[in-house]
Amino acid sequence: MRIRRTLGATALAAAAVLAAGTMTPAQAAGSAVLTHTAVGGPNIAVGDVLTADLVSGSFATFYSSATGTSGIKCAASSFSATVTSNPAAPGVATEQLNTQTFGSCTANVIGVTSVQSITVNNLPYTNSVSDAPGNPVSLDPTAVGPLQTTVVLKTILGTITCVYRAAAGISGTTSNVGQTIGFNAQALPKVSGPSTCFATGYFSATYGPVKDSSVAGSPHVYIN
């Protein structure tokens, strides 16, 4: 009987070690969906402010087609978002996008001489970040209004205003490689503006590294 109990205890101990060995760092530490400093690092607190600029050397683009290069590109863009929920992984964390800006923009549209401004309207938006396969992200409107961007262009005939809107929101992905969040060719149909404004603006941009500016040293943000 004593031998059987010893063997049973040994088997249970071995099973526990095996199970621990197959756990991810996030599971082992009971991490939330969003952590800073490392995968499985300290949980990001609700209320923390996350910020990012464009990945170095990249552009935010508003092109007239999903695969073309005609339209607008901006060498500067940044965002600021407040974490509103960060449940235990696996799950979906949410953020409130408070600001998103664009600068140093140029256009290669016939008749357009310069880009005067690009303004994101109807903020805040809701940003949902999942740790499901592919780390999907959705940027959705709130009661304030739909996702909307107003583009003011100077043309050879004067200044024009183009308004683009994605009523159902847009989608993207995050990555722990470079701690980025990106959007690729997300369609925003035109809702107002003259014919010089292309019918649909396709938005692409990759921001990173995303940082938790509420923590000393602004550590990078990871998905668990």
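Residues numbered from 1 in each chain as written. Predicted model: local features only at pLDDT ≥ 70, side-chain atom pairs only at ≥ 80, totals over all residues. Heavy atoms only, no water.

(A) Examining the packing of aromatic side chains more closely. As enumerated under the stated definition, the model contains 6 aromatic pairs in all. A network of ring pairs unites the aromatic residues F62, F102, F183 and F203 as a single cluster. For the cation-ring pair, K73 lies above F59, with the distance from its terminal atom to the ring centre recorded as 4.4 Å. (Phe/Tyr/Trp six-rings, centres within 6.5 Å; stacked < 30°, edge-to-face > 60°. Lys NZ or Arg CZ within 6 Å of the ring centre and 35° of its normal.)

(B) Here's a closer look at the side chain of H36. Checked against the element boundaries, H36 lands in strand β1 (residues 34-36). Looking at H36, its side chain comes within polar contact range of the side chain of T37, at 2.8 Å. Those residues in contact with H36 that sit more than four places away from it in its chain are G41, P42, N43, I44, D212, V215, P219, H220, V221 and Y222. (Helix = DSSP H or I, 4+ residues; strand = E, 2+ residues; numbered from the N terminus. Polar contact = N/O pair within 3.5 Å; in protein donor to acceptor, adjacent residues only side chain to side chain. Contact = heavy atoms within 4.5 Å.)

(C) Just unusual backbone geometry, in detail. Cis geometry is found at the peptide bond from A89 to P90, where omega equals 0°. Position of P90 among the secondary structure elements: in the loop between β4 (71-85) and β5 (92-107). Looking along the chain, the bond that leaves L123 and enters P124 is cis, with omega of 5°. With respect to the secondary-structure elements, P124 resides in the loop between β6 (112-121) and β7 (125-130). One non-glycine residue, T37, lies in positive phi territory at about 80°. Turning to its location among the elements, T37 is positioned in the loop between β1 and β2 (49-53). Note on T37: relative accessible area 48%, which makes it partly exposed. (Buried < 20%, exposed > 50% of the residue type's maximum accessible area, 1.4 Å probe, protein only.)

(D) Highlighting the state of the cysteines. Enumeration according to the criterion identifies 2 disulfides in this entry. In this model C74 forms its disulfide with C105; the gap between the sulfur atoms is 2.1 Å. Negative torsions about the S-S bond denote left-handed disulfides, and the value of about 105° found for C74 with C105 makes this one right-handed. Here C74 is found in strand β4, whereas its partner C105 is found in strand β5, with 31 residues between them in sequence. When sorted by exposure, C74 lands in the same class as C105, which is buried. The side chain of C162 participates in a disulfide bridge whose partner is C197; the two sulfur atoms lie 2.0 Å from each other. When the S-S torsion is -75°, as for the bridge of C162 with C197, the disulfide is left-handed. (Disulfide = S-S within 2.5 Å.)

(E) Region of the structure containing the pairing of β2. Side chains of β2 alternate between two faces, with L50 and A52 buried and V49, T51 and D53 left unburied. Alignment of β2 against β4, held across 5 bridges, turns out to be antiparallel. Bridge pairing in β4 links T51 to S80. Two elements, β2 and strand β14 (residues 211-212), share 2 bridges in a ladder whose sense is antiparallel. (Pairing = 2+ DSSP bridges.)

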